[in-house]
Amino acid sequence: MATPQESVQGSSTCNFFTKFSSLSSLAKLLLPTPRRLKLDPSNKLFLLYTPGKQVKSAIKIKNTSKFHVAFKFQTTAPKSCFMRPPGAILSPGESLIATVFKFVEPPENNEKPQKPAPKFKIMSLKVKGPMDYIPELFDEQIDKVTVEQILQVVFLDPERPSSALAKLNRQLAEADAAMEARRKPPEDAGPRIMGEGLVIDEWKERRERYLAKQEQQGTLYSEC
């Protein structure tokens with residue numbers, strides 16, 4: 001039977017671990033969620049203010065984690081905005097430049113727009129490995145989804161030079177170049193580049209020689 005002193009010590013130990021567990025849970029809630037993606041720009045989405053026209057922006061997204069990550073865009077203005085790609089899966093260290101398109105509504109009576117600028121939310125989800133991206137991944141594992149960043153739209157004057165405008169033009173050029181590269185058909189890495197039908201012709205010749213040899217051997221056996 002435990003002595004009163006041992007009972008007190010056991011109770012203290014139990015209380016200590018209970019408090020420790022509670023503090024750990026509280027610390028997890030208070031500590032920021034580790035980020036899986038690095039965004040550039042980090043918290044803004046720059047667009048040219050050209051009323052009545054469709055404009056576009058660009059944002060670089062890099063997977064800084066050690067596992068594959070799926071990301072997904074959402075916007076408060078789905079009728080006037082769309083993203084390309086709207087989501088994808090990035091391997092560790094991989095990056096891409098996403099392009100955002102928006103139609104800028106002309107203001108009434110040439111006044112400044114009264115509506116609040118749209119916002120964009122980028123979410124991430126850890127996945128097991130390389131796979132095809134489907135938006136349903138986020139619905140199936142909604143409890144494991146992390147909100148990486150909410151981007152506030154900032155309109156730029158196309159007639160006023162600025163560092164933000166120069167960076168936007170540079171990223172748009174990179175996004176267009178990447179899109180053009182994806183459209184090009186992949187080059188064959190096999191011997192076909194040496195001549196059309198080279199592999200097939202060589203295979204046919206080998207097969208014909210093999211069949212001729214087999215036929216000759218069959219004839220010799222029948223004569224014996």
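You'll find the structure just up there.
Predicted model, so just to flag it, every value in this text is computed and none were measured.

Looking only at helices and strands, the protein has 4 helices and 9 strands in total. Listing each helix as α and each strand as β along the protein from the N terminus yields α-β-β-β-β-β-β-β-β-α-β-α-α. The proportion of buried residues among the 224 residues of the protein is 26%. Counting only contacts in the protein whose residues sit at least 6 apart along the sequence, the fraction spanning at least 24 positions is 72%. Roughly 16,500 Å² of accessible area belongs to the protein as shown, and the carbon and sulfur atoms make up 56% of that amount.

A word on the sheet that holds strand S4 (residues 69–75). With mixed pairing, 5 strands are arranged side by side in an open sheet as S2-S9-S8-S4-S6. Each of the sheet's edge strands pairs with one partner strand only, and the pair in question is strand S2 (44–48) and strand S6 (87–90). Each strand axis lies, on average, 25 degrees off the axis of its neighbour in the sheet, ignoring direction. For S4 and S6, the ladder comprises 4 bridges, and the chain directions are antiparallel. When the bridges of S6 are listed, Lys72 appears paired with Gly87. In the packing of helix H3 (residues 163–183) onto the sheet, contacts are made with S2 and strand S9 (146–156), and the angle to S2 comes to roughly 85 degrees.

The subject of this paragraph is the sheet that holds strand S1 (residues 37–40). Read from one edge to the other, the open sheet built from 4 strands follows the order S1-S3-S7-S5, with strand pairing classed as antiparallel. Of all the strands in the sheet, just S1 and strand S5 (81–84) have a single pairing partner and so form its edges. Adjacent strand axes in the sheet meet at a mean angle of 25 degrees, parallel and antiparallel pairs treated alike. Of the pairings in the sheet, the one linking strand S3 (residues 54–63) to strand S7 (residues 95–103) comprises 9 bridges and is antiparallel in character. If you follow Lys56 over to S7, its bridge partner there is Phe101. Lying over the sheet, H3 contacts S1, S3, S5 and S7, oriented at roughly 80 degrees with respect to S3.

With that out of the way, let us pick up the nonpolar core. In terms of nonpolar packing, the biggest core is built from 23 residues, with Leu37, Ile59, Ile61, Phe71, Phe73 and Phe120 touching the most fellow members. Once residues lying within four places of it in the same chain are set aside, the contact partners of Ile59 are Leu39, Asp40, Pro41, Leu45, Phe73, Leu96, Ile97, Ala98, Ile122 and Leu151. If you look at the next biggest cluster of nonpolar residues, it comprises 9 residues, including Leu156, Ala164, Leu165 and Leu172.

Using the criterion set out here, one finds 2 salt bridges in the structure. The partner of Lys167 in a salt bridge is Asp40, with the nearest N and O atoms 2.5 Å apart. Here the residue Lys167 occupies a position in helix H3, and Asp40 occupies one in strand S1, the gap between them amounting to 127 residues. A residue is classified by how much of its surface remains accessible, and Asp40, at 29% relative accessible area, is partly exposed. Here Asp176 and Lys56 are joined by a salt bridge, their closest N and O atoms 3.3 Å apart. Of this pair, Asp176 sits in helix H3 while Lys56 sits in strand S3, and the two are 120 residues apart along the sequence. Judged by relative accessible area, Lys56 falls into the partly exposed class, the value being 29%.

Counted according to the given criterion, the structure contains 1 cavity of 30 Å³ or more. In this model, the largest cavity occupies a volume close to 30 Å³. Around the largest cavity sit Arg84, Pro85, Ile97, Thr99, Ala175, Met179 and Arg182, which together line it. Here the lining of the largest cavity takes 3 residues from H3, the largest share from any one element. Classifying every residue of the lining of the largest cavity by side-chain character gives 4 nonpolar, 1 polar and 2 charged.

Parameters and conventions
- Residues numbered from 1 in each chain as written.
- Predicted model: local features only at pLDDT ≥ 70, side-chain atom pairs only at ≥ 80, totals over all residues.
- Heavy atoms only, no water.
- Helix = DSSP H or I, 4+ residues; strand = E, 2+ residues; numbered from the N terminus.
- Buried < 20%, exposed > 50% of the residue type's maximum accessible area, 1.4 Å probe, protein only.
- Contact = heavy atoms within 4.5 Å.
- Areas by Shrake-Rupley, 256 points an atom, 1.4 Å probe, with all protein chains shown as cover.
- Pairing = 2+ DSSP bridges.
- Axes fitted to C-alpha atoms, helices over the stretch in contact; angles between N-to-C directions.
- Core = buried A, V, L, I, M, F, W, Y, C linked by side-chain atoms within 4.5 Å.
- Salt bridge = Lys/Arg side-chain N within 4 Å of Asp/Glu carboxyl O.
- 1 Å grid on protein atoms, 1.4 Å probe; cavity = no way out; pocket = protein on both sides within 12 Å on 5 of 7 lines; lining within 4 Å.
- Points joined across faces, edges and corners; volume = space filled by probe spheres on them.
- Nonpolar A, V, L, I, M, F, W, Y, C, P; charged D, E, K, R; others polar.

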